[in-house]
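# Notes for the structure review
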Amino acid sequence: MSATTRNSLLLILAASFFSGLALHAMDLGQVPWALSRAAGLAAFAVISLSVVMGLLVSTKAADGFLKRPFVFEMHQFLSVLSLVLVAVHAGSLLFDGFLHFTSVSLVVPFVAPYRPFAVGLGVIAGWLAAITTASFWMRARIGQKRWRTLHYVTFLAYAGALWHGISAGTDTQLPPVYWMYIGSAALVSALMMLRIVGYKAAPKRRRAAVAADRRRPA
Amino acid sequence: MAAAKYRTARIAFGAIVAAGMIGGTAYFTQTAPAQSAGTTSQDSNSAQAITAPSTGSIRQVPARPAPAKRSRGS
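None of these values were measured; they are calculated from a predicted model.

Let's shift gears to the confidence of the model for chain B. Residues and elements named next belong to chain B. The share of residues in chain B with pLDDT of 70 or more is 42%, and the mean pLDDT across the chain is 64. Contacts of residues 38-61 to residues separated by more than four positions or lying in other chains number 48 contacts, the stretch itself having pLDDT below 50. Contacts of residues 70-74 to residues separated by more than four positions or lying in other chains number three contacts, the stretch itself having pLDDT below 50. Of the two predicted TM-score estimates for the complex, the pTM is 0.75 and the ipTM is 0.74.

Here is the structure:
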């Protein structure tokens, strides 16, 4: 890490800490709560889109109309963006004067003052998403096979986020939110099925191709 | 060429998400009491039950207060 990057990071950390203290002392009314809800919903939408993009890469389902490097690039970008939104979603709860979340209850599962199990699932999903996103930059170090295995954790993170959103979210009954959950789950499930079917069909296709090669006269 | 396209797509996604966040926050700030901490518009004025994490017992907490704008009758 260069000195400029290190200094910038230290400056950002210090600025975040002091602005956090200043905001904590102010009466922000309903804003932190509203921001947390908006960020949570945006985070779920972005996570869904990222998972869909990842599945489009692995199933090659979008190859006819989208270039695979572009889809992969967006998959990676959306993963990072979702982590930023998760940080805003959780961080803004620190400034909410009603629920009394602490920094510990935001990062440790099942200790939240509100719906501990459902919030705990969200915390675990956040950690899993952070680990899989970080693995993009560790791919060369850990190897392709391990990276791929680690990447399957994304599905657990997605399932955790969906459960967290439905059971801990206070806006599930709003029609756009309700349909977002249903649409996201349906799309991800359909692409997962396509992925599983494609995965099982691939060795058969390879065997058929080898057999056809053998039958062909030399 | 591809890098410029990726950058444009990233900015577009970022802008859409930022706009959604701002719009969502503004909307929820106006309608906050109706959906506060698991309550619906029907029970937003009543006490709500939250399960305490350490003991598993039920404790009563007052409902989230309405924002100033609403209390003025807007």
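Still more ground to cover, so stick around.
This paragraph deals with the side chain of Q76 of chain A. Inspection of the secondary structure puts Q76 of chain A in helix α3 (residues 68-91). Setting aside its immediate chain neighbours within four residues, Q76 of chain A contacts F136 and W137 of chain A.

Residue and element names in this part refer to chain A. Viewed as axis vectors pointing N to C, α3 and helix α5 (residues 116-134) meet at an angle of 145°, and their least axial separation amounts to 10 Å. α3 and α5 meet at a crossing whose hand is left-handed. For the pair α3 and α5, contact is made by S79, V80 and L83 and by G126, A129, A130 and T133, respectively. Its residues assigned to classes, the contact of α3 with α5 comprises four nonpolar, three polar and no charged.

Reading the values: rules and limits
- Residues numbered from 1 in each chain as written.
- Chains lettered and ligands numbered in written order.
- Predicted model: local features only at pLDDT ≥ 70, side-chain atom pairs only at ≥ 80, totals over all residues.
- Heavy atoms only, no water.
- pLDDT = per-residue confidence, 0-100.
- Contact = heavy atoms within 4.5 Å.
- Helix = DSSP H or I, 4+ residues; strand = E, 2+ residues; numbered from the N terminus.
- Axes fitted to C-alpha atoms, helices over the stretch in contact; angles between N-to-C directions.
- Left-handed = near helix turned anticlockwise from the far one by under 90°.
- Nonpolar A, V, L, I, M, F, W, Y, C, P; charged D, E, K, R; others polar.

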